[in-house]
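Descriptive structure summary
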Amino acid sequence: MATAGNIARDIEETQAAPAATGAPNASDVRSVSLLFEESAAGRSGADVTARAAGEPDAAAILGAELCRDDIPGFPELSEPQVMRHFLRLSQLNFGQALQFYPLGSCTMKYNPVLNDEMAALAGFAALHPMTPAHLAEGALELMAWLEAALAEITGMDAVSLHPAAGAQGELTGLLMMRAYHRKRGAARHKVIIPDTAHGTNPASCTLAGFEVVVAKSNRRGFLEAAEIRRLVSDDVAVLMVTNPNTLGIFEPEIAAIADVLHERGALLYLDGANMNALLGVAKPGHMGADVVQLNLHKTFSTPHGGGGPGAGPVAVKKHLEPFLPLPRLRNDGEVWRFDDERPDSIGRLRGFHGNFGMLVRACAFILALGGNGLTEASRFAILAANYVRKRLEPHFPSATTEPSMHECVLTHDLEKRAGVNTLDIAKRLLDFGIHPPTIYFPLVVHGALMIEPTETETRETLDTFVDAMEKIYAEALSNPEMVRTAPHTLGLSRVDEAQAARRPVLRWRPKDK
């Protein structure tokens, strides 16, 4: 097993080695040319696209006037050039399949290959989104099964698989609750969110036309029912809260908070972003939640990075079921179909119903683990987070004294002692072959390190991470410049992240233009 000491020694030797000569280093991103720069007129790969005899080509289908033989400035390359280019780039990526990826709150879980195999089955992968319902009964039955499974897991009454991501699930929940209040003749305008909320929560509130009211957490890091009682009014539509919250701790007064809200006619929206701590252990529906949104890409092992496709199902109690988005799955005897005749529905939020490949993957995950396996997954996730927290406690103490759930939020004193900040620590971790955890979140914790190991990491992996963090802490005190200037072993050193965000270069242009 590689230890932090071995890794650090390798890093030091690499830094001390003389600059290489001759061929460019394949691991240096600066040596990977752009495809445009490798282009030469006349180069091409073999076109092996199969087309059945007599099948029309693109010109026959679209019309020759809509087709062209070439694209001005488009790179011309051989097949080996293209393959080597993208393989070099892939080797520069940090990914959960290659390294430890403890990105707190985002829950970067391992994606089992079995899930991909199930989603790739021809009857699923080749299913056209416009296929009539009577020709897609198996797919609809799978979706109905997943709805029922998620309802059971969350303790809710009905589920919609419609939303394309967790953030869209949030918006869906808020729009349903707005419609619910309006149906009752009480158009409410305010939503309470805690000061530890995910950034998408206030954004979703604004998109749904609500005004945000911020509730303060207590010194122990959770909401008190007394604080919600102070803020709730007849103009408050809902409280949005994540449980466990973004400090990685359980909200112990959640049931009392739900009672306070319901007494005043308000609703409880429970953001299920941290559901990975609750599977088979506790149910949002038993906590008084009226709506809960799930992230299949966080909790149920479907792919997360690269912009999706995501999946953010919404589960509701019975009184909100009429407002679920269109379409709804309905069974007429032995036949499944989509039902669009629902007058109280908030309507469609997207063109098609759910990212089906993600739904298949989530089904495979639930079926593979079963009820007991889901419970075990959450318990192992909680154990891993508390193991890391305890081992790092001497140098990186927890931001709260409450027990951690599936993730822990840690702090440090290095900025004061050595001028080394949290970003420096995160960048230095890259030199140890470890992806940094989430940093500077939640905002209520100065210099936060938010670590989520998930349930699949071994004790050896967690020990390697702890060793690396301890090495960085010691290094920050003895040689702070080494940490402040990290990373040192990657193709690129530290980039100007603010400039990249404000002035991104999204289009290649020849150097002479």
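All figures in this text were calculated on a predicted structure; none of them were measured in a lab.

What follows concerns the overall build of the chain. Helix and strand counts for the chain come out as 18 helices and 12 strands. Its C-alpha atoms give the chain principal-axis dimensions of roughly 75 × 75 × 45 Å. Taken over 513 residues, the chain has a buried fraction of 48%. Counted over contacts in the chain with a minimum sequence separation of 6, partners at least 24 positions apart contribute 71%. A gap of 5 Å separates the mean positions of the 49 positive and 61 negative side-chain charges of the chain.

Going from leucine 326 to proline 327, the amide bond is cis rather than trans, its omega being -5°. For proline 327, the location among the structural elements is in the loop between strand S7 (314–316) and strand S8 (328–332). Its identity as a non-glycine residue notwithstanding, serine 105 has a phi of 75°, on the positive side. Relative to the assigned elements, serine 105 resides in the loop between helix H4 (79–91) and helix H5 (113–119). A positive phi angle, near 50°, is found at threonine 107, a position not held by glycine. Along the chain, the position of threonine 107 falls in the loop between H4 and H5. What makes threonine 107 buried here is its relative accessible area of 1%.

For the rest of this paragraph, the subject is the layout of surface pockets. Looking at the largest pocket, its volume works out to about 1000 Å³. When contributions to the lining of the largest pocket are tallied by element, the ones reaching two or more residues are helix H15 (422–430), strand S11 (438–439) and helix H16 (459–478). Here the element with the most residues in the lining of the largest pocket is H15; it accounts for four residues. Partitioned by chemical class, the residues of the lining of the largest pocket number 21 nonpolar, 13 polar and five charged.

Moving on, we come to the environment of aspartate 463. Within the fold, aspartate 463 resides in helix H16. Apart from residues lying up to four places away in sequence, aspartate 463 is in contact with Tyr387 and Arg391.

Residue placement: asparagine 355 occurs in the loop between strand S9 (335–339) and helix H13 (356–392). Owing to a relative accessible area of 18%, asparagine 355 belongs among the buried residues under this scheme. Within the structure, the side chain of asparagine 355 is placed 2.7 Å from the backbone oxygen of glycine 310, a separation counted as a polar contact. Residues within four places of asparagine 355 in sequence aside, it is in contact with Ala164, Pro309, Gly310 and Arg350.

A few words on the packing of helix H8 (residues 166–183) against helix H9 (residues 200–207). Packed helices, taken two at a time, are described by the angle their axes make and the gap between the axes. Their axes nearest at 9 Å, the elements H8 and H9 cross at an angle of 45°. By the angle between their axes, H8 is oblique relative to H9. Crossing of H8 against H9: the hand is right-handed. Of the residues in H9, those touching H8 at Ala167, Glu170, Leu171 and Leu174 are Thr200, Asn201, Ser204, Cys205 and Leu207. Its residues assigned to classes, the contact of H8 with H9 shows five nonpolar, three polar and one charged.

Cut-offs and rules
- Residues numbered from 1 in each chain as written.
- Predicted model: local features only at pLDDT ≥ 70, side-chain atom pairs only at ≥ 80, totals over all residues.
- Heavy atoms only, no water.
- Helix = DSSP H or I, 4+ residues; strand = E, 2+ residues; numbered from the N terminus.
- Buried < 20%, exposed > 50% of the residue type's maximum accessible area, 1.4 Å probe, protein only.
- Contact = heavy atoms within 4.5 Å.
- Lys, Arg positive; Asp, Glu negative; His and termini not counted.
- Charge placed at Lys NZ, Arg CZ, Asp CG, Glu CD.
- 1 Å grid on protein atoms, 1.4 Å probe; cavity = no way out; pocket = protein on both sides within 12 Å on 5 of 7 lines; lining within 4 Å.
- Points joined across faces, edges and corners; volume = space filled by probe spheres on them.
- Nonpolar A, V, L, I, M, F, W, Y, C, P; charged D, E, K, R; others polar.
- Polar contact = N/O pair within 3.5 Å; in protein donor to acceptor, adjacent residues only side chain to side chain.
- Axes fitted to C-alpha atoms, helices over the stretch in contact; angles between N-to-C directions.
- Parallel < 35°, antiparallel > 145°, perpendicular 65-115°, else oblique.
- Left-handed = near helix turned anticlockwise from the far one by under 90°.

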